[in-house]
Every structure is written in structure tokens, then in C-alpha cells.
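Spelled out from the first residue to the last, the chains are:
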Amino acid sequence: MNTILFTHSYFLKFDPKQLKIGQPYAPLGTLYAAAVMREKGYDVSLQDVQFSEGAEEILPVINEKLPRYFVIYDDGFNYLTKMCLTNMRAAAFKMIGFAKKEGAIVIVSSSDSSDHYEQYLDAGADFILIGEAEQTMFELIETLQCEQQDFVSIPGIAFKKQYAYIKTAPRKVMNELDCLPMPAWDMLDITPYKKMWLQHAGFFSINIATTRGCPFKCNWCAKPIYGNRYHARSPKNVVNEIKYLYEKFQIDHIWFCDDIFGLKPGWVNEFADLVAKENLRFKFKIQSRADLLVQEKYVSALARAGCDNVWMGAESGSQKILDAMDKGITIQQVEEATHLLKKNHVKPSFFIQFGYLDETMSDIKLTIKMINRLRPHEIGVSVSYPLPGTVFYEKVREQLKEKSNWTDSDELALMFRNTYQPSFYKQLHRYVHKNFKRNLAYQNFLLILRQPLKLNWTSLKKMLSGIYVIPSLVVTRIKLWQLQRP
């Protein structure tokens, strides 16, 4: 029996904030894993649970397929799965129980199971794949097919033997990503993704990974799957996938979900050349770093290829906090990168993080001033989140005994002691967003005054929403002031 049923543990319904936003991305890591095992000759099926009501919906599929191997393989490219939300962990445990009851061998690969393999094994999983897992999965299943029991020699797994937890040596990451097959997009029902995107955003976006890993060492950022080594697919390999998706799904937009897009010298320029040669027309967003975005050739090549939006980890307007994070960038680089992107008609967007150790009100004010001064296109605001395997986690580890994970991506709980109480940071999150909307409205008001003939519904809506938010901004500011005590 060589049947494998693949799934993952991200349920959109269990993440209310993301359900409301309505911009879901496919489980890319799962599609890669399914493609690899299908290429190896296995009988592979996929059950995408993203739009399921609950874990119980996997039961009839298990009963129908009766797979020998049930594989929960989460997407290692999506920050939502990297966050290890407890709602999804609970769903994974339920699915493990359902599959074990039907006699399947259960294998799990995820950021959460890599960090907490003992809990997943106690929940009934037979094997946990730790780190980059495609090759590990193949070697493990080949060994199981031969009914061998020598699992210790397989790098990158964890299992139980006679009530003892065994974790084997780490597996080296792959150097040549072009050797991987294209993700199994043909196995995915794209209809609900496209429908939700069109309904909430008015266009359809899809996710593609061009790299794995990140060589930088921000001390709060965990890398349990792809580590600190950085490897890239060739521009030609990526463009071939884009052409396939362009023809198959009529995509409008791409999220390149790499930690850092185009870090390899010359990569973006070659990519832009191939996009032009193939006459492809699409917009895309990426994640990058301020120190990379101060390079004129890099930014102009991004613009030429169709880049519409760049999310950079600005994190804080305080150099003291950036240095404490080991971020490796300066406030000046954030400013220069923002100006250079705008000069090339690319929207700059900021990831902002509050609540890092020893952050004071002075640091917070510097961050708000930076946002107001640089006027990014969008902001994503969060609070510091300790993830296992990081320097930051070790610093606060003793404080995480009661709670060490959020239930969903909107919980925003501060799980360690800091300058202010946890409720302060939740209020700060609201205040910063409302303040951003007000400033955005003011910008659009000035634009309408200067260029009234260019008035459109988008500009008008932003201006009106900013006016509407002013009263609640005042109330939020008062509440924030009241909470400014340790």
C-alpha cells in the first residue's frame, strides 16, 4: 500500500481576523510535498481544510481513501502557520486521532510540531518531520514501505520508542531548488480562493516561493523549517511556474512569500528581463529589507518586473530597539528605502513591532513619528511574539509557563513582563491604526485639493474614513494614556 493523504492544519474559520480580511493563500508547502511524493510514484491525494468548518470534515475523506499514510504538512512559507496558533494545533491533534483510529501511519511537518514534537507524538502522531521535509518524508516512507525499523539513521525526524522521545540528527537543507517539481496546483480546488479574493479585494492573488531560508539573524525571528541558509530557484524556473498559473488560473497578482525576495546578486534583474521577454503582465508584492532596498538597481529592477508593493521590516522608529533586536538596519536606511521605492512608483509598507524588551514610551513615540513622517502605503502592527529557538525566546522563557502561543492571529497577547501591562499594547495597536487612517485621510485631502480632476472613489473613501475615525481616535488616545503605567 503506497497511498498518501495530504492535508494541513490551517483552518480559516479558526482565525477570525483573516476570515474577515478574505485574502487566503494556498498551502504552498503542502502542494510541494504532494508533488514530490507523486513524482516518486506514490498514490497521492489532497484534502485542503482551509475552508472547512472543523477538523471533523476530514473524517469522511479518511474513511473513503483509507490511506496507509496520513500526512499533515503545513505551509512553511506563510507567517500565519509560522506563528503556531493553538486553534490550529488543536485541530491537528483531532485529525491525528481520526487518522490513527482508521489505522493510518501519521506523519506531521510544521513549524509548531518541529518546536513541540513531544506534544504531537503524545497526541498520536507516529513521526514528526523536523526542518525542510520533502527529502526526509520520502526517505521515511520508503523505509516504512520496506517494513524496516531503522529510523535513527534518517536525519530530521522525531518519534517515540518504548515511551522515550527520539530526535535524530538535523538534515541539511537543499542547495538546488530547481530539482523540485512544481507544486501540485492541479490537485487544489482554486475556486473558493479566487471567489473570496474577488469578493474582498476585487482581484485574484496567488502565492509563489522563489527562495528558502534567511541568512540574517534578527533575534526574535524563528526559522524551524528552512534555517539560516539562503537558496534560490533560478529566474527561469520561477517564470515557468508563473506562466503555468497565468494560463491555468488567470491570476492578476502574486505574493512572493519569501522571507527576502531577490537577495542573490543579479537575480531580480534577470527575472525582470524574462518577465518582459515572455510578455507577462501582473503585479506582485514581496518582503525585503531596508538595507537591500537602498540599492537603486535592485529597486528599479523590481519596478520593471511589476512589483507593486514592498513590505519591509521597519519594526521600530527607535535605533535602540532595532539594535536590541539585532535587526542589522538603521532608521536612515528605512527612510532612504521608502523614498527610493516611492521614486520608482512602488508602494512601501511597514511591518511594525511593539513591546520588545525595554521599550519605553519614548521609543513608541519615535515609531509613531516615523510612520507619520514616512507615510507608508500600509502598516502591519504586532507585538513581540517569543518563538522557540530564538534568543528573544530564551530571554523570556521562564515567563511563558502559563501561555506561550496565541489562539489566533488577532489575539495580540503580550505573554511576558514588559514596561507596560498587556492591555496597553492592545490599545496601542488600535491607536496606531486609527492614527494611520487619519493621516492617510489628510494626505488624500491634500491630493484632492491640489489635483481635483484626479478625484476618484478610492481617494474619496480614504479621506471620508479618516474623518470618521477622528472621534474614536481621541477616545483611544485617552484610554492609552490611562494605561501608561507599568
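None of the values given here were measured: they were computed from a predicted structure. (Residues numbered from 1 in each chain as written. Predicted model: local features only at pLDDT ≥ 70, side-chain atom pairs only at ≥ 80, totals over all residues. Heavy atoms only, no water.)

Engineer: With reference to specific residues and values, describe the overall build of the chain.
Structural biologist: On a plain count of helices and strands, the chain comes out with 18 helices and 15 strands. Against the 2.2 N^0.38 benchmark of 23 Å for 486 residues, the chain shows a C-alpha radius of gyration of 23 Å, consistent with a compact globule. Considering only C-alpha atoms, the chain reaches an extent of 75 × 55 × 40 Å along its principal axes. Out of the 486 residues in the chain, the part that is buried amounts to 55%. Taking as baseline every contact in the chain between residues at least 6 positions apart, the subset at least 24 positions apart corresponds to 75%. As presented, the chain carries roughly 21,900 Å² of accessible surface, and 53% of it is formed by carbon and sulfur atoms. Positive and negative side-chain charges in the chain, numbering 61 and 52 respectively, have mean positions lying 8 Å apart. (Helix = DSSP H or I, 4+ residues; strand = E, 2+ residues; numbered from the N terminus. Rg over C-alpha atoms; globule rule 2.2 N^0.38 Å. Buried < 20%, exposed > 50% of the residue type's maximum accessible area, 1.4 Å probe, protein only. Contact = heavy atoms within 4.5 Å. Areas by Shrake-Rupley, 256 points an atom, 1.4 Å probe, with all protein chains shown as cover. Lys, Arg positive; Asp, Glu negative; His and termini not counted. Charge placed at Lys NZ, Arg CZ, Asp CG, Glu CD.)

Engineer: Account for helix α11 (residues 267-277), with residues named and values stated.
Structural biologist: Regarding α11, the residues found buried are W267, V268, F271, A272, L274 and V275. Buried positions in α11, seen along its axis, are confined to an arc of 165° and lie on one side of it. Those residues of α11 that are buried lie in contact with β10 (231-232), α10 (235-249), β11 (253-256), β12 (283-288) and α12 (296-305). Within two residues after α11, N279 carries a phi angle of roughly 60°, on the positive side. (Arc of directions from axis to C-beta.)

Engineer: How would you summarise the packing of aromatic side chains if you had to cite specific residues and measurements?
Structural biologist: For the structure on display, the rule yields 28 aromatic pairs. Each ring, one from F256 and one from F284, has its centre 5.1 Å from the other, and the planes form 80°; the classification is edge-to-face. Here F256, found in strand β11, pairs with F284, found in strand β12; they are 28 residues apart in sequence, far enough to count as distant. Each member of the pair, F256 together with F284, is buried. Centre to centre, the rings of F261 and F284 are 5.9 Å apart; their planes meet at 50°, and the pair counts as tilted. Of this pair, F261 sits in the loop between β11 and α11 while F284 sits in strand β12, and the two are 23 residues apart along the sequence. Across this residue pair, the class does not change: F261 and F284 are buried. Connected via pairs of aromatic rings, a cluster forms that spans F256, F261, W267, F271, F282 and F284. Positioned above the aromatic ring of F216 is the side chain of R289, whose terminal nitrogen or guanidinium carbon lies 3.7 Å from the ring centre. A cation over a ring is seen here: R477 above Y431, with NZ or CZ 5.8 Å from the ring centre. (Phe/Tyr/Trp six-rings, centres within 6.5 Å; stacked < 30°, edge-to-face > 60°. Lys NZ or Arg CZ within 6 Å of the ring centre and 35° of its normal.)

Engineer: Run through the sheet that holds strand β3 (residues 69-73), naming residues and quoting values.
Structural biologist: Reading across from one edge, β2-β1-β3-β4-β5-β6-β7 is the order of the seven strands in this open sheet, with mixed pairing throughout. Looking along the sheet, the strands with just one partner apiece sit at the ends: β2 (43-46) and β7 (164-167). Neighbour-to-neighbour, the strand axes of this sheet turn through a mean angle of 20°, independent of strand direction. Across five bridges, β3 lies against strand β4 (residues 105-109) in parallel orientation. Looking at the pairing, V71 lines up with I107 of β4. Sitting on the sheet, helix α5 (residues 86-101) touches β1 (3-7), β3 and β4, and the angle it makes with β3 is about 170°. Contacts from helix α8 (residues 134-145) reach β1, β3, β4, β5 (127-129) and β6 (157-161) within the one sheet, and its direction differs from that of β3 by about 165°. (Pairing = 2+ DSSP bridges. Axes fitted to C-alpha atoms, helices over the stretch in contact; angles between N-to-C directions.)

Engineer: Quick one: what's the story with the sheet that holds strand β15 (residues 378-383), residue by residue and with numbers?
Structural biologist: Across a sheet, strands are paired by hydrogen bonds formed along the backbone, either parallel or antiparallel in direction. The strand order β8-β11-β12-β13-β14-β15 describes an open sheet built from six strands, whose pairing is parallel. Strand pairing shows two members of the sheet lacking a second neighbour, β8 (205-208) and β15, which therefore form its edges. Each strand of the sheet is rotated relative to its neighbour by a mean of 20°, with strand direction disregarded. Where β8 meets β11, four bridges bridge the pair, whose relative direction is parallel. Residue pairing for β11: N207 is matched across the bridge by W255. Helix-sheet contacts for helix α14 (residues 331-343) involve β13 (307-315) and β14 (347-354), and the interaxial angle to β13 is about 170°. On top of the sheet, helix α15 (residues 361-374) reaches β13, β14 and β15; it is set at about 170° to β14, its chief contact.

Engineer: Report on the environment of Y25, specifying residues and quantitative values.
Structural biologist: You can see Y25 is positioned in the loop between α1 (16-21) and α2 (28-39). Separated by 180 residues in the primary sequence, Y25 and S205 place their C-alpha atoms 7.9 Å from one another. Those residues in contact with Y25, other than ones at most four positions away along the chain, are Q50, N78, Y193, W197, S205, I206, N207, H253, W255 and K285.

Engineer: Please provide a residue-by-residue account of the nonpolar core, values included.
Structural biologist: F6, F70, F256, F271, F284 and L302 are the most contacted members of the largest nonpolar core, which totals 166 residues. Residue contributions to this core peak at eight residues, all from α2. When residues no more than four places from it in sequence are discounted, the contact partners of F6 are T30, A33, A34, M37, V44, S45, L46, Q47, V71, Y73 and M137. (Core = buried A, V, L, I, M, F, W, Y, C linked by side-chain atoms within 4.5 Å.)

Engineer: So what's going on with a nonpolar patch on the surface? Residues and values would help.
Structural biologist: Judged by side-chain polarity, Y442, F445 and L449 come together as a nonpolar surface patch covering roughly 330 Å² of accessible area. Positionally, Y442 belongs in helix α17 (residues 422-450). (Patch = residues over 30% accessible without salt bridge, like charges linked within 9 Å, V, L, I, M, F, W, Y side chains within 5 Å. Salt bridge = Lys/Arg side-chain N within 4 Å of Asp/Glu carboxyl O.)

Engineer: Give a detailed account of unusual backbone geometry, specifying residues and quantitative values.
Structural biologist: Despite not being glycine, Q162 shows a phi value in the positive range, around 55°. Residue position: Q162 is located in the loop between β6 and β7. The residue L412 is not glycine, and still its phi comes out positive at about 55°. Here L412 lies in the loop between α16 (391-396) and α17.

Engineer: Now, about the packing of α10 against α11: what can you tell me, with residues and values included?
Structural biologist: Where α10 meets α11, the axes come as close as 9 Å, and the angle between the chain directions of the two elements is 40°. Classified by the angle their axes make, α10 and α11 are oblique. Once α10 is placed against α11, the crossing between them reads as right-handed. In contact with P235, K236, V238, V239 and I242 of α10, α11 contributes W267, E270, F271, L274 and V275. Of the residues belonging to the contact of α10 with α11, the class tally is eight nonpolar, no polar and two charged. (Parallel < 35°, antiparallel > 145°, perpendicular 65-115°, else oblique. Left-handed = near helix turned anticlockwise from the far one by under 90°. Nonpolar A, V, L, I, M, F, W, Y, C, P; charged D, E, K, R; others polar.)

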